[in-house]
Amino acid sequence: MAKHDDPKLTASEKAKVTVLVARMCKRSVAGEDVDRSDLERRVDQILDGAREREERTAQK
């Protein structure tokens, strides 16, 4: 399930993603017409931030 280009997440990032995924699951139970794009965007932002952090630490 994890891609090889996924960054390592801190404990805080893992917790945030877990909460967001749980909220996405809850919304999907409500119906297929429920919009989850805001939560997906927030997960993407967390992953992007983690990738940037890894790049910064790799350059040092």
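Residues numbered from 1 in each chain as written. Predicted model: local features only at pLDDT ≥ 70, side-chain atom pairs only at ≥ 80, totals over all residues. Heavy atoms only, no water.

Peer 1: Provide a residue-level description of the pattern of salt bridges, including the pertinent values.
Peer 2: Within this structure, the stated rule accounts for 5 salt bridges. For the salt bridge of Arg53 with Glu13, the shortest nitrogen-to-oxygen distance reads 2.7 Å. Placement of Arg53 in helix H2 (residues 37-59) and of Glu13 in helix H1 (residues 11-30) is noted, with a sequence separation of 40 residues between them. For the salt bridge of Glu40 with Arg36, the shortest nitrogen-to-oxygen distance reads 3.7 Å. (Salt bridge = Lys/Arg side-chain N within 4 Å of Asp/Glu carboxyl O. Helix = DSSP H or I, 4+ residues; strand = E, 2+ residues; numbered from the N terminus.)

Peer 1: Tell me about H1, and name the residues and values.
Peer 2: For H1, with 20 residues, the first-to-last C-alpha span of 29 Å sits near the 28 Å given by 1.5 Å per residue. Along H1, the residues that are buried comprise Glu13, Val17, Leu20 and Met24. Buried residues of H1 fall within an arc of 65 degrees about the axis and therefore sit on the same side. Facing away from the buried side of H1 by more than 90 degrees, the exposed set consists of Ala11, Thr18, Val19, Lys26, Val29 and Ala30. The inward-facing, buried residues of H1 contact H2. Trailing H1 by a residue or two, Gly31 shows a phi angle of about 150 degrees, which is positive. (Expected span 1.5 Å × (residues − 1). Buried < 20%, exposed > 50% of the residue type's maximum accessible area, 1.4 Å probe, protein only. Arc of directions from axis to C-beta. Contact = heavy atoms within 4.5 Å.)

Peer 1: Would you mind going over H2 in detail, with residue names and values included?
Peer 2: Relative to the 33 Å expected for 23 residues at 1.5 Å per residue, H2 spans 33 Å between its end C-alpha atoms, a close match to the ideal helical length. Looking at H2, one finds that the buried residues are Leu39, Val43, Ile46, Leu47 and Ala50. On its buried face, H2 is in contact with H1.

Peer 1: So, the environment of Arg27: which residues are in play, and what are the values?
Peer 2: Among the structural elements, Arg27 can be located in helix H1. Sequence-wise, Arg27 and Leu9 are 18 residues apart; in three dimensions their C-alpha atoms are separated by 24 Å. In this structure Arg27 touches Val34, Asp35, Arg36, Asp38 and Leu39, once residues within four positions along its chain are discounted. Here the side chain of Arg27 touches Asp35 through a polar contact of 3.0 Å, landing on its backbone oxygen. (Polar contact = N/O pair within 3.5 Å; in protein donor to acceptor, adjacent residues only side chain to side chain.)

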